[in-house]
Amino acid sequence: MQRKYRIAFLVALAATLLLSLFVISRWEFSSDFDEFLSVGDPDFAYYQEVWGYFESGDAQMIIGIKSQENVFNQPFLQRLLDFEKQLMSLEGVKFANSIASLQNQVKGIIRVEQRPFIQVSKPDTYQQDTTLLFKYPDVSPKFVSPDRKSVCVFVALEAELPADFNETVRKVTSDAGFSNTYFFGLSIAEDSYQQTLKT
C-alpha cells in the first residue's frame, strides 16, 4: 500500500513540476516602469507627471555644476537642494531635479514608496546612499559624474518663458554660490543664436 502512495505522490510531483515549468516559461519580465504600477495607482499618476516633464528635450534645461571636491558633502548638497527650490520658484519652471532631491522608487509591502537617494540632512549615511545611487545606470552618470565632482540639475520648462529667463537662471545659479557651471537646452541655444544675429 505504501508503494502505491509513493508512486501517486511522485506522479503528482512530476505533474506539478511540469505545470510550473510551463507557467514560468510563459512569464514575461519588463524593466519598463510603466508596467510596474497599475494605471489607477496614485504612484503611477505621479510617475507619469514627472516623466511628462522630461519627455521632450525642447522644454528642458540642464545645468552642469562642477566642484573642486567630492559633491557628496553636506554643505554642497544643501546648497544644491536650496538651489533647486529657487529654480522651482521661477516663472517658467515646472520642475527641477538633481541628486539632492532625486527619489528612489522602492516597492513596499502595500505600495511603491518614494525615498530619497541621498538623505541630505544625514551625512553619516552618504557612503551607503552613494553606493545605492551608483547602482542605477539611469542616475549615474546622468545626474553625477563617476569622479563625484560634477552634477547635473535637470529643469523642466514651460513652453513660453519670460524674456529674461536665461539671465535670471544664471543669476540664481551665481547667487547659490556655483561658479563653475554649464548651461544646455533649447532656450540657451536660442539666446546664443539671437546674440550672434545682433553682432
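Keep in mind that this is a model prediction, so the values were computed, not measured.

(A) Examining the overall build of the protein chain more closely. Within the protein chain, the secondary structure is distributed over six helices and six strands. The order of helices and strands in the protein chain, counted from the N terminus, is α-α-β-α-β-β-β-α-β-α-β-α. Burial status across the protein chain gives 34% buried among its 199 residues. When the accessible surface of the protein chain is totalled, it reaches about 13300 Å², and 57% of it is carbon and sulfur.

(B) Representation of unusual backbone geometry. A positive phi angle, close to 65°, is found at R148, a residue other than glycine. Relative to the helices and strands, R148 resides in the loop between α4 (126–133) and β5 (150–157).

(C) Expanded view of the sheet that holds strand β2 (residues 93–97). The antiparallel open sheet is built from four strands, whose spatial order is β2-β5-β1-β6. Every interior strand has two partners, whereas the edge strands, β2 and β6 (181–185), have only one. Going across the sheet, the axis of each strand differs from the next one's by a mean of 20°, ignoring polarity. Bridge analysis of strand β1 (residues 60–66) against β5 gives seven bridges, and the strand direction is antiparallel. Pairing of G64 across the sheet is with C152, part of β5. Across the sheet, helix α5 (residues 165–175) touches β1, β2, β5 and β6, and the angle it forms with β1 is around 30°.

(D) Region of the structure containing the packing of aromatic side chains. Using the criterion set out here, one finds four aromatic pairs in the structure. Ring geometry for F76 and F178: centres 5.6 Å apart, planes at 65°, overall edge-to-face. In this pair, F76 sits in helix α3 (residues 74–88) while F178 sits in the loop between α5 and β6, placing the two residues 102 residues apart along the sequence. When sorted by exposure, F76 lands in the same class as F178, which is buried.

(E) How the structure looks around the pattern of salt bridges. Using the criterion set out here, one finds one salt bridge in the structure. The salt bridge partner of K171 is D175, with a shortest N-O separation of 2.8 Å. Of this pair, K171 and D175 both sit in helix α5, four residues apart, which is roughly one turn of the helix. Like D175, K171 is exposed.

(F) Highlighting α4. If you check which residues of α4 are buried, you get Y126, D129, T130 and L133. Down the axis of α4, the buried side of the element spans an arc of 95°, and every buried residue falls inside it. Seen from the buried face of α4, the exposed residues on the opposite side, beyond 90 degrees, are Q127 and Q128. Next to the buried residues of α4 lie α3.

(G) Inspection of the confidence of the model for the protein chain at higher detail. Predicted confidence across the protein chain gives a mean pLDDT of 78, with 75% of residues reaching 70 or more. Per-element mean pLDDT across the protein chain ranges from 53 in helix α2 (residues 42–54) up to 93 in α3. Counting contacts from residues 29–37, a segment whose pLDDT is below 50, to residues more than four positions away or on other chains yields twelve contacts.

(H) Representation of the packing of α3 against α5 in the model. In contact at an axis separation of 10 Å, α3 and α5 are set at 155° when each is read in the N-to-C sense. Considering the angle they form, α3 stands roughly antiparallel to α5. When you trace α3 past α5, the crossing you get is right-handed. On α5, the residues that touch F83, Q86 and L87 of α3 are V169, V172 and T173. Of the residues contributing to the contact of α3 with α5, the split by class is four nonpolar, two polar and no charged.

(I) Focus on the nonpolar core. Counting residues in hydrophobic clusters, the biggest one holds 36 residues, and the most contacted among them are I63, L80, F83, L87 and I99. Among the elements of the structure, β1, α3, β2, α4, β5 and α5 are those that each provide at least two residues to this core. Per-element tally for this core: the top contributor is α3, with six residues. Once you skip the residues sitting within four places of it in the chain, L87 turns out to touch I63, V93, A96, V153, V155, V169 and V172.

Scoring rules and cut-offs
Residues numbered from 1 in each chain as written. Predicted model: local features only at pLDDT ≥ 70, side-chain atom pairs only at ≥ 80, totals over all residues. Heavy atoms only, no water. Helix = DSSP H or I, 4+ residues; strand = E, 2+ residues; numbered from the N terminus. Buried < 20%, exposed > 50% of the residue type's maximum accessible area, 1.4 Å probe, protein only. Areas by Shrake-Rupley, 256 points an atom, 1.4 Å probe, with all protein chains shown as cover. Pairing = 2+ DSSP bridges. Axes fitted to C-alpha atoms, helices over the stretch in contact; angles between N-to-C directions. Contact = heavy atoms within 4.5 Å. Phe/Tyr/Trp six-rings, centres within 6.5 Å; stacked < 30°, edge-to-face > 60°. Salt bridge = Lys/Arg side-chain N within 4 Å of Asp/Glu carboxyl O. Arc of directions from axis to C-beta. pLDDT = per-residue confidence, 0-100. Parallel < 35°, antiparallel > 145°, perpendicular 65-115°, else oblique. Left-handed = near helix turned anticlockwise from the far one by under 90°. Nonpolar A, V, L, I, M, F, W, Y, C, P; charged D, E, K, R; others polar. Core = buried A, V, L, I, M, F, W, Y, C linked by side-chain atoms within 4.5 Å.

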